[in-house]
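A look at the structure
Here's the letter readout for the chains.
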Amino acid sequence: MKIAIFTETYFPFISGVVTHIETLKKCLEREGHEVMIVTTNPKAICHYVKDGVLYCPAIPLRRIYGYGFSNPVNIQRLRIIRDFNPDIIHIHTEFSMGIFAQFAARKLKKPIVYTLHTMYDDYMFYVAPERFQNMVKPAAHVYFRRVANRATEIIGPSPKVVEFLRRCGVERHINIIPNIVDLSDFMPENVSRQAVDSTRAALGIREGDTAVCFVGRLGKEKSIDVLIDCFAAHFNGEERFKLFIIGDGPERANLDEQIRRLGMESQIRMLGRIEHAELPPYYHACDLFATASLSEMNSISMLEAMASGLYVVQRLDIYNRNQIVPGENGNVFTDADGMAALLREEDALSSAERAARRKAVSAFTQRYGERDFIRAVLNVYDRAVAEYALKQKAKETAKKKDAR
C-alpha cells in the first residue's frame, strides 16, 4: 500500500505530532508499505523531494513557532502526488497542507483518513484576541466539522477527540488509536548511567533531591505558568525541590519573567530546546514529570517520560484521564496543594522505593506497543479503501441510471 501523509510541520522542527508521524512512517515501512510525507518548508524556493519527503515552499507564520503556510492549491505539487499514486491520503493537519490534501483527494479520487491531534479551542488565542473568541470559535467549529465530514475515516489519539468533534457537530464514528512513539531510546537499559550522572551534575541535582521536569512547546496553551505558580506556592526556599522546563516557544520570555518575579531562579530552570536524541539522560536525571496542560490529546513527551521511569504528576483533565492510572504510572492534582502532596509523596520514598516505582512506571509503557498500533491504523486504512470503493461504485451506478 502507498500512503501520502500530509502535515504542516516535519523535521527538523520537533513536536509531538512530528514524532508521531515519524513513528507511523517507520512502522508502515517496516510492514512493507511505501510512504511519502508532504509538508511545508518556509526556506524552500521550489518543491523538492528528499528522502521520501515532499517539501513545499511556504510563508513562515511568526506567531506559531515552526509553522508555515503553503499555497493550498498547487498543480505542480498535485503532479508529484499523482506520480506517487497513493492508495490513502492521510491528513494530520487542517490548514494549508490539509486543504491541499482534500483538493488532491478529489482530483485523484482517493480516500482520506483524517487524524485530529489538537484541541483547537485551546489555541484560538493565536488567531484572534479574547474579545473575539465568541465569534471565532463557532466559525472554527464549522470548519473542523467540514474537514471531518469530508474524510472517509477519522482517527483520534484519545476520547478527548470525540468530545471535541461532537462539540463541533460531528456525529460520525471516530477510531481511537493512542499515540505511539519509539520508546526504546528512553528505556532504562538503553540510557548510559554515566550520561545520567553527568546530566544530574550539570543540573545541580544532588542525592536526596526531588527533581521534576516538563518537556514540550512553550506555548500559552500548555499552562506552564500554572505549573510554575503551583510549584512556587509550596517549595520556595526548599532547595532540594527543583523544576526543569525543557523546550522553546513564544511564551519563553514571559515564563522567564515569571520565574524571576517569584524569586525562584535557583529552583526553576528553563533549559531551552534540547535535541530529541539528547533528551533521554535529562528525563532519567529527574524523578517526576509534571504538566498542568489541559490541551493535550495523548501526550508523547509524557509517554517518553514514563518509558524513562518518571511517575507523572498531571493536572486533572476530565476528558483525558485515561493516560493516568493512579498509583501505577502517575496521579492527578486539581490545585497547588494537590500537586505539592504528590511531590512530597515522592520525596518521602526511600531510594529502594523510588527505584521500584521507576521500574513499574517504565514497564507500564509496554502497553503502548507498536504492533497493536500499526495493526489498528492498517485496519482503518483497509476500511477506508473499501468504503471509498463502495461510494465510487454507488456514484457510477447513479450516473448510469440518470443517463437512461
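Just so it is clear, the structure is predicted and the values come from calculations on it, not from any experiment.

A cluster of nonpolar side chains, Ile59, Leu61 and Phe69, forms an exposed patch at the surface whose accessible area comes to about 280 Å². Within the secondary structure, Leu61 sits in the loop between strand S5 (59-60) and strand S6 (68-69).

Before going further, it helps to spend a moment on the pattern of salt bridges. Applying the stated criterion to the full structure yields 22 salt bridges. Between Glu238 and Arg344 there is a salt bridge, with the nearest N and O atoms lying 2.6 Å from each other. In this pair, Glu238 sits in the loop between helix H7 (224-235) and strand S12 (241-246) while Arg344 sits in helix H11 (residues 336-347), placing the two residues 106 residues apart along the sequence. Classification of Glu238 as partly exposed rests on a relative accessible area of 24%. The class for Arg344 is partly exposed, based on a relative accessible area of 32%. Among the charged side chains, a salt-bridge network with shared partners connects Glu238, Arg240, Asp287, Arg344, Glu345, Glu346, Asp347, Arg354 and Arg357.

On to the pairing of strand S11 (residues 210-215), then. Among the 6 residues that make up S11, 6 are buried, leaving the element largely enclosed by the rest of the structure. The two faces of S11 match: Thr210, Val212 and Phe214 on one face and Ala211, Cys213 and Val215 on the other face are all buried. Once the chain exits S11 it traverses H7 before rejoining the sheet at S12, and the crossover so formed is right-handed. Across 2 bridges, S11 lies against strand S14 (residues 288-291) in parallel orientation. Bridging across to S14, Cys213 finds its partner in Phe289.

Taken as a whole and judged by the stated rule, the model has 10 aromatic pairs. Note on Phe144 and Phe164: the rings are 5.9 Å apart at their centroids and 55° apart in plane angle, and the pair reads as tilted. On the criterion of sequence distance, the pair formed by Phe144 in helix H4 (residues 133-150) and Phe164 in helix H5 (residues 159-168) is long-range, its members being 20 residues apart. Note on Phe144: relative accessible area 3%, which makes it buried. Sitting above the plane of the Phe84 ring, Lys2 keeps its charged end 5.4 Å from the centroid. Just above the ring of Phe100 sits the side chain of Arg77; from NZ or CZ to the centre is 4.6 Å.

Strand pairing in a sheet relies on backbone hydrogen bonds, with the paired strands running either antiparallel or parallel. Here we have 6 strands laid out as an open sheet, ordered S13-S12-S11-S14-S15-S16, and parallel in their pairing. A strand with exactly one partner marks an edge of an open sheet, and here the two such strands are strand S13 (268-272) and strand S16 (330-333). When strand polarity is set aside, the average angle formed by the axes of neighbouring strands in this sheet is 25°. Pairing of strand S15 (residues 311-315) with S16 involves 4 bridges; the strand directions are parallel. The residue of S16 that forms the bridge with Val312 is Gly330. Sheet strands touched by helix H10 (residues 300-307): S11, S14 and S15. Its angle to S14, the strand with the most contacts, is close to 165°. Lying on the sheet, H11 is in contact with S11, S12, S14, S15 and S16; it crosses S16 at an angle near 150°.

Calculation rules
- Residues numbered from 1 in each chain as written.
- Predicted model: local features only at pLDDT ≥ 70, side-chain atom pairs only at ≥ 80, totals over all residues.
- Heavy atoms only, no water.
- Patch = residues over 30% accessible without salt bridge, like charges linked within 9 Å, V, L, I, M, F, W, Y side chains within 5 Å.
- Areas by Shrake-Rupley, 256 points an atom, 1.4 Å probe, with all protein chains shown as cover.
- Salt bridge = Lys/Arg side-chain N within 4 Å of Asp/Glu carboxyl O.
- Helix = DSSP H or I, 4+ residues; strand = E, 2+ residues; numbered from the N terminus.
- Buried < 20%, exposed > 50% of the residue type's maximum accessible area, 1.4 Å probe, protein only.
- Right-handed = clockwise from strand over helix to strand, strands pointing away.
- Pairing = 2+ DSSP bridges.
- Phe/Tyr/Trp six-rings, centres within 6.5 Å; stacked < 30°, edge-to-face > 60°.
- Lys NZ or Arg CZ within 6 Å of the ring centre and 35° of its normal.
- Axes fitted to C-alpha atoms, helices over the stretch in contact; angles between N-to-C directions.
- Contact = heavy atoms within 4.5 Å.

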